[in-house]
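What the coordinates show
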Amino acid sequence: MKCAVLGHPIRHSKSPIIHQYWMDRHDIDGLYKSIDIAPENLKQEVGRLIQKEGYVGFNVTVPHKQAVMACCDVVEPVAQAIGAVNTIYIDDNQIVGTNTDAFGFIENIKRNGDFIFSDKVACVLGAGGAARAVIYGLINAGVSKIYLTNRTRHKAEELLSMAQDKIQIIDWGERSEVLHDVDLLVNTTSLGMLDKPELKIDLQFLSPHAVVNDIVYSPLMTDLLSRAKQSGNPTVTGIGMLLYQAAPAFEKWANIMPSITTELQSMVLK
Ligand code: ATR
């Protein structure tokens, strides 16, 4: 079974560690590579890897998640709604694109506590590609309201069409002010990532029961998460989203839903 992650650049991807671990655990004679493809060669390379080299599956990462949709014969509704493909598999000789990021996001929170999404209020920081998957996941999981805030307001406004009646846009400067009303706070910006500025947000009015999740996982304990923890709020780190989005991709290729073990988690965090 030949699979790969496609990106540009690609050297920091953790996907090879995850999928090679599962292939080994399930005695699958397989290979999982990182393949760097320049944007202008994407369509040609995807076709060549499948037809000439026998690849049966891909994960797709930055900057190809949108462009790769044009390489697919079928784009599943979930990927259409998110506007991005992160997983490709072959079904009946057709190249199928799907998206497992929303599943990964929701599953990570579900598995790390007893949070129930139905009728809850969320606050999402950021309006990039990751935010689209997070919002899709939240809406499908049944939240009643999402406060959405982004430095560049018009980008947040572009996401309104995902659920006009549930999303309320807040000015970036007012992000701390809605926190008394939220059950779940999610950072989807790159702030707090290694070598990036910290996320500035005042948690003093954060509801004491609110769950705080950062999709940044390097560092694992971001400044946001450690401040939330100090305030006594439940926190969920970002590494689980990476692991749980990988599992359904592996299932598409191998017909096996793999387990996320503590051994795998520590290998990925090394
Ligand atoms: P991804 O696909 O991982 O979501 P992205 O599409 O580049 O990455 O989005 C990055 C997010 O981080 C955006 O919401 C971005 O805000 P802008 O839309 O205003 O660019 C946010 N972000 C990055 N640097 C930021 C900063 N210094 N202050 C506030 N927000 C920032």
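Shown above is the structure to which this text applies.
Residues numbered from 1 in each chain as written. Predicted model: local features only at pLDDT ≥ 70, side-chain atom pairs only at ≥ 80, totals over all residues. Heavy atoms only, no water.

Now for the packing of helix α1 (residues 15-25) against helix α8 (residues 239-254). Put simply, α1 and α8 touch, their axes get as near as 10 Å, and they point 50 degrees apart. One way to sum up the angle between α1 and α8 is to call them oblique. The handedness of the crossing between α1 and α8 comes out as right-handed. Packed against α1, whose contacting residues are I18, H19, W22 and M23, the element α8 presents L242, L243, A246, A247, A249, F250 and W253 at the interface. (Axes fitted to C-alpha atoms, helices over the stretch in contact; angles between N-to-C directions. Helix = DSSP H or I, 4+ residues; strand = E, 2+ residues; numbered from the N terminus. Parallel < 35°, antiparallel > 145°, perpendicular 65-115°, else oblique. Left-handed = near helix turned anticlockwise from the far one by under 90°. Contact = heavy atoms within 4.5 Å.)

Turning to the nonpolar core, a few remarks are in order. Counting residues in each nonpolar core, the largest one holds 27 residues, and the members touching the most others are L138 and L184. Those elements that provide at least two residues to this core are α4 (101-111), β7 (121-125), α5 (129-141), β8 (145-150), β9 (167-171) and β10 (184-187). Counting residues per element, this core draws most heavily on α5, at 5 residues. Sequence-distant contacts of L138, defined by excluding residues within four places in its chain, comprise F105, I106, F117, A122, V124, V143, I146 and L184. (Core = buried A, V, L, I, M, F, W, Y, C linked by side-chain atoms within 4.5 Å. Buried < 20%, exposed > 50% of the residue type's maximum accessible area, 1.4 Å probe, protein only.)

Turning next to the sheet that holds β10. Working definition: the strands of a sheet are paired by backbone hydrogen bonds and lie parallel or antiparallel to each other. An order of β9-β8-β7-β10-β11-β12 is seen for the 6 strands of this open sheet, with the pairing classed as parallel. Of all the strands in the sheet, the pair left with one neighbour each is β9 and β12 (235-236). With 5 bridges connecting them, β7 and β8 associate as parallel partners. Bridge pairing links V121 to K145 in β8. Where α5 meets the sheet, it contacts β7, β8, β9 and β10, and its direction lies at approximately 175 degrees from that of β7. In the packing of helix α7 (residues 223-230) onto the sheet, the strands contacted are β10, β11 (211-214) and β12, and the crossing angle to β11 comes to about 165 degrees. (Pairing = 2+ DSSP bridges.)

This part takes up the site of the ligand. The environment of the ligand is formed by 13 residues, the closest being A127, A130, N150, R151 and T152. K155 places a polar side-chain atom, nitrogen or oxygen, 3.1 Å from an oxygen atom of the ligand. Taken by itself the ligand offers 640 Å² of open surface, and the protein chains cover 66% of this. Partitioning the shell around the ligand into residue classes produces 4 nonpolar, 7 polar and 2 charged. (Near = heavy atom within 4 Å. Polar contact = N/O pair within 3.5 Å; in protein donor to acceptor, adjacent residues only side chain to side chain. Areas by Shrake-Rupley, 256 points an atom, 1.4 Å probe, with all protein chains shown as cover. Nonpolar A, V, L, I, M, F, W, Y, C, P; charged D, E, K, R; others polar.)

The terminal C-alpha atoms of α5 lie 19 Å apart, and with 13 residues this matches the ideal 18 Å at 1.5 Å per residue to within 8%. Along α5, the residues classified as buried are A131, A133, V134, I135, G137, L138 and I139. Lining the buried residues of α5 we find α3 (77-82), α4, β7, β8, β9 and β10. Note on α5: the residue one or two positions beyond its end, G142, has a positive phi of about 100 degrees. (Expected span 1.5 Å × (residues − 1).)

This paragraph deals with the pairing of β8. For a regular strand, side chains alternate in direction, first toward one face of the sheet and then toward the other. Burial runs high along β8: 5 of the 6 residues are buried. Where the polypeptide runs from β7 across α5 and back to β8, its parallel neighbour, the crossover connection is right-handed. For β8 and β9, the ladder comprises 5 bridges, and the chain directions are parallel. In the strand pairing of β9, T149 is matched with I170. (Right-handed = clockwise from strand over helix to strand, strands pointing away.)

This next bit is on the pairing of strand β6 (residues 94-98). For β6, the buried fraction is high: 4 of the 5 residues fall into the buried class. In the sheet, strand β4 (residues 74-75) pairs with β6 via 2 bridges, with the strands oriented parallel. The residue of β6 that forms the bridge with V75 is G97. Relative to β6, strand β5 (residues 87-91) is paired through 5 bridges, and the arrangement is antiparallel. In the sheet register, I90 faces β6, and the bridge partner there is I95. Connecting β5 to the antiparallel partner β6 that follows it, the hairpin turn spans 2 residues, and D92 within it adopts a positive phi of roughly 55 degrees.

What follows deals with the sheet that holds strand β3 (residues 55-60). As summarised here, the arrangement of the 6 strands in space is β2-β1-β3-β5-β6-β4, forming an open sheet in which the pairing is mixed. In this open sheet, the two edge strands, each paired with only one partner strand, are β2 (31-36) and β4.

Let us now look at the packing of aromatic side chains. In total, this model carries 4 aromatic pairs according to the counting rule given. Ring geometry for Y32 versus W253: centroids 6.1 Å apart, planes at 35 degrees, classification tilted. With a gap of 221 residues between them, Y32 in strand β2 and W253 in helix α8 connect regions that are remote in the sequence. For the pair shown, Y32 and W253 are each scored as buried. Taken together, a centroid distance of 5.8 Å and an interplanar angle of 20 degrees make the contact between Y55 and F58 stacked. F58 carries the same exposure label as Y55, and that label is buried. Across the ring face of F115, the terminal group of K120 is positioned such that the distance to the ring centre comes to 5.5 Å. The ring of W172 carries R175 above its face, with NZ or CZ at 4.3 Å from the centroid. (Phe/Tyr/Trp six-rings, centres within 6.5 Å; stacked < 30°, edge-to-face > 60°. Lys NZ or Arg CZ within 6 Å of the ring centre and 35° of its normal.)

Geometric descriptors of this kind do not, in isolation, establish any biological role.
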